Amino acid sequence: MKLKTGITGKLFIWYSIFVLIFFGTVLVLYVNVHQMMRISEDIMNKNYKISSASKRMIESLLTMEENEKKYLILRKSDYLNYFISAQKEFEESFGDILGLESRETKISFKWKEMNKIYQQFVSASGGVIVSNYSKKLWIPEAVIDEWIRKISEARSENELEVEQANRELNRRGQMALRSGLVGLGISILVGLLGGRFLAHSMIRPLRELLAGIRSISKARGSEPIHIRSKDEFGEVARAYNETASRLKEEKRMRSDFISMLSHEIRTPLTSIRESVSLIREGIMGEINARQGKFLEIADLEIGRVCDLLNRLMEALRLESNTLKIQPVPLDPVPFVAGTLEQIRPAAAAKNNGVEAQLPDSLPHIMADAEHLQRVFFNIIGNAIKFSAPGTNIFVRAEHDERGKTLTFFISDNGPGIPDEEQSFIFNKYYRARGIRDHMDGVGLGLSISKHIIEAHGGTIGVRSSVGEGSEFYFKLPAV
Ligand code: ADP
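What you see is a predicted model; the values in this text were computed from it and never measured.

A. Layout of the site of the ligand. Among the 19 residues in the neighbourhood of the ligand, the closest are listed as N382, K385, D412, A432 and L446. Within the side chain of D412, an N or O atom sits 2.8 Å from a nitrogen atom of the ligand. G443 places a polar main-chain atom, nitrogen or oxygen, 3.0 Å from an oxygen atom of the ligand. If the ligand stood free it would expose 530 Å²; the protein chains cover 97% of that surface. With four residues, helix α8 (residues 369-386) is the single largest residue contributor to the shell around the ligand. Partitioning the shell around the ligand into residue classes produces eleven nonpolar, five polar and three charged.

Here it is, written out as structure tokens:
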């Protein structure tokens with residue numbers, strides 16, 4: 001089974017990775033913070049209490065020792081009372097520490113040991129440490145010192161525990177900080193790489209699609225595009241390729257049809273033309289002026305149809321790339337002069353002038369004279385067709401600074417071409433909407449010219465605005 005990941009799927013995967021990293025980081029942070037809270041709770045509930053209670057115990061023992069001595073010397077009952085309350089305080093503080101022991105909280109075994117010693121001492125003295133008239137120390141100094149030493153030891157152990165807990169707190173804190181930073185770093189990395197990957201996986205097929213769509217409007221026709229991705233772009237590409245191949249097939253069928261038609265029409269047309277010409281010349285017998293007039297019209301119309309057929313055939317030839325260019329070095333000045341000479345009668349018939357504005361010398365160009373003349377005829381022919389009678393058409397040329405290219409400009413004072421039509425006029429069979437019904441033409445002249453200029457390695461274009469005439473230009477390599 002093929003894995004199909006559409007754009008939504010890719011976005012979802014990217015988003016899921018983000019969410020995973022986010023929750024992973026939060027989980028690590030949570031575990032660490034939870035541990036830190038537990039440690040600090042331990043310090044507060046156990047170690048801090050042990051520390052202050054043990055301090056009180058030592059103070060109580062010292063108070064007991066001091067008051068015991070005073071009482072034995074001065075025999076004042078106050079000292080006895082002080083002793084008793086200090087002992088009470090000692091036992092309370094000790095009780096506080098022992099009371100901390102529970103299932104969750106464990107206290108040091110030293111406290112239990114101390115408790116055993118204390119209980120043994122109390123039971124050995126019959127449960128009463130204080131005897132009113134005893135002359136002896138109730139608790140021998142050595143025993144008190146021993147107790148103080150033991151409490152101090154347990155206290156130090158407690159402090160060590162606090163220190164270790166602090167160290168653990170610090171370690172956990174740093175770990176939380178580090179994991180937060182690592183999570184952030186990975187998110188940034190995933191964000192950047194994922195973004196780049198997504199952009200790449202969308203922009204690349206979009207570019208391919210764009211190039212494919214653009215190729216439809218180019219003369220060479222639509223090119224198939226190669227997008228292998230399994231997402232929506234892949235589907236668009238497949239749909240595009242199907243449409244493109246159908247277009248190609250239709251184009252081929254159209255060309256075949258026109259070609260067949262042209263051949264089929266051409267033969268009988270030639271016979272008709274020859275017959276008409278024979279009748280006009282009187283070979284078939286005398287004709288009167290009226291008949292001659294009609295035969296002249298028929299001859300003219302047949303000529304137009306022949307011309308149209310020739311253009312169609314030429315366009316088909318160009319389409320199948322059989323245009324053979326044989327460029328030779330050509331001096332543009334006499335070449336243009338000669339070409340204009342040939343076209344002037346047609347211009348004069350409409351009362352238009354064709355004027356060359358060329359310098360005395362120009363760099364030579366590499367061109368096929370016959371084909372280039374066809375370009376001049378097409379463009380100037382259009383200029384004559386679209387210009388009002390009595391206006392002039394101008395031909396000029398410019399070379400670039402380094403003399404590597406020569407550009408010809410042909411301008412007229414005709415109606416101009418709207419901006420939105422300028423990109424279509426070089427397409428095959430394109431004719432402006434407004435002129436289709438009332439002007440001669442099949443929309444092939446500019447397309448043929450473009451083919452010829454591009455076959456020379458040049459470029460062709462137009463600058464025009466409505467009401468201000470048009471200027472066609474084409475650039476050719478110079479020698
Ligand atoms: P055709 O002249 O046979 O219609 P072309 O390919 O020569 O075909 O021209 C295509 C279209 O370009 C024309 O139909 C016309 O709309 C426009 N065009 C060409 N030359 C001019 C011009 N000099 N002035 C205005 N429009 C022009």
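Structure shown, so let's carry the discussion forward.
B. Representation of the pairing of strand β4 (residues 392-399) in the model. Bridge count for strand β2 (residues 353-357) against β4 is five bridges, and the pairing is parallel. The partner of A356 across the bridge, within β4, is V395. Of the pairings in the sheet, the one linking β4 to strand β5 (residues 405-412) comprises six bridges and is antiparallel in character. Residue pairing in the sheet places V395 in a bridge with I410 of β5. A loop of five residues connects β4 with β5, the two strands running antiparallel in sequence, and G403 in this loop sits at a positive phi of about 65°.

C. View of the nonpolar core. Grouped together as the largest cluster of nonpolar side chains are 44 residues, with contacts concentrated most on L372, F376, I380, F408 and F474. It is α8 that provides the largest number of residues to this core, a total of seven residues. Other than its neighbours up to four places away in sequence, F474 contacts L372, V375, F376, I379, L406, T407, F408, I410, I453, T459 and I460. Residues M114, I139, I144 and W147 belong to the second largest nonpolar core, which totals 28 residues.

D. Representation of the packing of α8 against helix α10 (residues 445-455) within the structure. Across the interface, α8 lies against α10 with an axial gap of 9 Å and an inter-helix angle of 150°. When the axes of α8 and α10 are compared, the crossing they make is left-handed. In this structure, α8 contributes H371, L372, R374, V375, N378, I379 and N382 to the contact, and α10 contributes G445, L446, I448, S449, I452 and I453. Split by residue class, the contact of α8 with α10 holds seven nonpolar, five polar and one charged.

E. Here's a closer look at the pairing of strand β6 (residues 459-464). Relative to strand β7 (residues 470-477), β6 runs antiparallel, the two being bridged by six bridges. Opposite G461, over in β7, you have Y473 as the bridge partner. The antiparallel pairing of β6 with β7 creates a hairpin that spans five residues between the two strands, and G467 there sits at a positive phi of about 85°.

F. Spatial organisation of α8. Helix length check: α8, at 18 residues, gives a terminal C-alpha distance of 26 Å against a target of 26 Å (1.5 Å per residue), a fit within 8%. The set of residues buried in α8 consists of H371, L372, Q373, V375, F376, N378, I379, I380, N382, A383 and I384.

G. Representation of the side chain of S93 within the structure. Relative to the elements of secondary structure, S93 occurs in helix α2 (residues 77-98). Side chain to side chain, S93 and R56 meet in a polar contact 3.2 Å long. Here S93 is in contact with A53, R56 and M57, once residues within four sequence places are set aside.

H. Main features of helix α1 (residues 7-74). Relative to the 100 Å expected for 68 residues at 1.5 Å per residue, α1 spans 98 Å between its end C-alpha atoms, a close match to the ideal helical length. At I43, α1 shows its largest kink, close to 35°. Where α1 ends, the next residue or the one after it, R75, has phi of about 60°, a positive value.

Rules behind the numbers
Residues numbered from 1 in each chain as written. Predicted model: local features only at pLDDT ≥ 70, side-chain atom pairs only at ≥ 80, totals over all residues. Heavy atoms only, no water. Near = heavy atom within 4 Å. Polar contact = N/O pair within 3.5 Å; in protein donor to acceptor, adjacent residues only side chain to side chain. Areas by Shrake-Rupley, 256 points an atom, 1.4 Å probe, with all protein chains shown as cover. Helix = DSSP H or I, 4+ residues; strand = E, 2+ residues; numbered from the N terminus. Nonpolar A, V, L, I, M, F, W, Y, C, P; charged D, E, K, R; others polar. Pairing = 2+ DSSP bridges. Core = buried A, V, L, I, M, F, W, Y, C linked by side-chain atoms within 4.5 Å. Buried < 20%, exposed > 50% of the residue type's maximum accessible area, 1.4 Å probe, protein only. Contact = heavy atoms within 4.5 Å. Axes fitted to C-alpha atoms, helices over the stretch in contact; angles between N-to-C directions. Left-handed = near helix turned anticlockwise from the far one by under 90°. Expected span 1.5 Å × (residues − 1). Bend = angle between axes of the 7 residues up to and from the residue.

Read these as geometric descriptors, not functional statements.
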